[in-house]
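Residue-level listing of the chains:
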Amino acid sequence: MKKITSALVALGLGVALSASVQATSNDEAVIERIKAVGSVCIEGDDTCGGAPAAAPAGGSRTAEEVYNAACAGCHATGAAGAPKYGTADWADRAGKGMETLLANAINGINAMPPRGMCRDCSDEDLQNAIQHMLDSAK
Ligand code: HEC
């Protein structure tokens, strides 16, 4: 009888020991948490998941590229009263001068949202796009 008891004790000890070997292995969760920075997808950015977007901010894009990407949505159609591309609307606005037009584009005016909602447009990008629209005036 004594033999059986000590065998059971040894067995119990063995189980207890092996349970404590279960080390924490949360490495994957940690990697998941720290990798997020820099891989955020901005709404409306169709380059997500593909090649990295062309360098943002800094006048690396042409006026037309900025206009097409950020301004045409409203200014091509005249949505919400936006001065329409290719029309006399822009001849009317030209009188305000670039300084005022740029300031209003940066800060927003009435239904025109600040920076036309273009988060990666530099001031230079905005000015180029405005000039592009002014040039379209008929
Ligand atoms: C969500 C629609 C929308 C987008 C996008 C948008 N605009 Fe506009 N924009 C407007 C509207 C509406 C007005 C007319 C505001 C007013 O004068 O009442 C306007 C007016 C302007 C004016 C004239 C401001 C003035 O002082 O008369 C400029 C300049 C301008 N937008 C530049 C831009 C540029 C540059 C972009 C792109 C980077 C852009 N907008 C994108 C809606 C938009």
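Cut-offs and rules
Residues numbered from 1 in each chain as written. Predicted model: local features only at pLDDT ≥ 70, side-chain atom pairs only at ≥ 80, totals over all residues. Heavy atoms only, no water. Near = heavy atom within 4 Å. Polar contact = N/O pair within 3.5 Å; in protein donor to acceptor, adjacent residues only side chain to side chain. Helix = DSSP H or I, 4+ residues; strand = E, 2+ residues; numbered from the N terminus. Nonpolar A, V, L, I, M, F, W, Y, C, P; charged D, E, K, R; others polar. pLDDT = per-residue confidence, 0-100. Contact = heavy atoms within 4.5 Å. Axes fitted to C-alpha atoms, helices over the stretch in contact; angles between N-to-C directions. Parallel < 35°, antiparallel > 145°, perpendicular 65-115°, else oblique. Left-handed = near helix turned anticlockwise from the far one by under 90°. Buried < 20%, exposed > 50% of the residue type's maximum accessible area, 1.4 Å probe, protein only. Donors = N, O, S within 2.8 Å, 3.2 Å for Na, K, Ca; no water. Tetrahedral: all angles 85-135°; square planar, octahedral: opposite > 155°, others 65-115°.

1. A few points about the site of the ligand
No. 1: Residues in contact with the ligand amount to 27 residues; listed here are only the nearest, C71, C74, H75, N104 and M112.
No. 2: R93 is positioned with one of its side-chain polar atoms (N or O) 2.7 Å from an oxygen atom of the ligand.
No. 3: For the ligand, an oxygen atom lies 2.6 Å from a polar atom in the side chain of N104.
No. 4: When contributions to the shell around the ligand are tallied by element, the ones reaching two or more residues are helix 3 (63-75), helix 4 (89-94), helix 5 (98-107) and helix 6 (123-135).
No. 5: In the shell around the ligand, the residues fall into 19 nonpolar, five polar and three charged.

2. Looking at the confidence of the model for the protein chain
No. 1: Summary statistics for the protein chain give a mean pLDDT of 78 and a share of 57% for residues scoring 70 or more.
No. 2: Of the regions scoring below 50 in pLDDT, residues 17-24 engages in zero contacts with residues more than four places distant in sequence or in other chains.
No. 3: A low-confidence stretch, residues 51-57 stays under pLDDT 50, and its non-local contacts, those more than four residues away or across chains, total six contacts.

3. Remarks on the packing of helix 5 against helix 6
No. 1: Running from N to C, helix 5 and helix 6 point in directions that differ by 120 degrees, and their axes come no closer than 10 Å. The angle between helix 5 and helix 6 falls in the class oblique. Judged by the twist between their axes, the crossing of helix 5 over helix 6 is right-handed. Contacts between helix 5 and helix 6 pair M98, L101, L102, A105 and I106 from the former with D123, L126, Q127, I130, Q131 and L134 from the latter.
No. 2: The residue inventory of the contact of helix 5 with helix 6, partitioned by class, reads eight nonpolar, two polar and one charged.

4. Comments concerning unusual backbone geometry
No. 1: With phi around 60 degrees, A80 is a residue other than glycine that occupies positive phi space.
No. 2: Among the secondary structure elements, A80 is positioned in the loop between helix 3 and helix 4.
No. 3: You will see that M117, though not glycine, has its phi angle at about 65 degrees, which is positive.
No. 4: Mapped onto the secondary structure, M117 falls in the loop between helix 5 and helix 6.
No. 5: The class for M117 is exposed, based on a relative accessible area of 63%.

5. Details of the coordination of the iron atom of the ligand
No. 1: Taken together, the protein donors to the iron atom of the ligand comprise H75 (NE2) and M112 (SD), at separations of 2.0 Å.
No. 2: What the six donor atoms of the iron atom of the ligand show is an angle range of 87 to 180 degrees at the metal, which sorts the shape as octahedral. Taken together, the residues H75 in helix 3 and M112 in the loop between helix 5 and helix 6 connect sequence positions 37 residues apart.
No. 3: With a relative accessible area of 9%, H75 lands in the buried category.
No. 4: For M112, a relative accessible area of 23% puts it in the partly exposed group.

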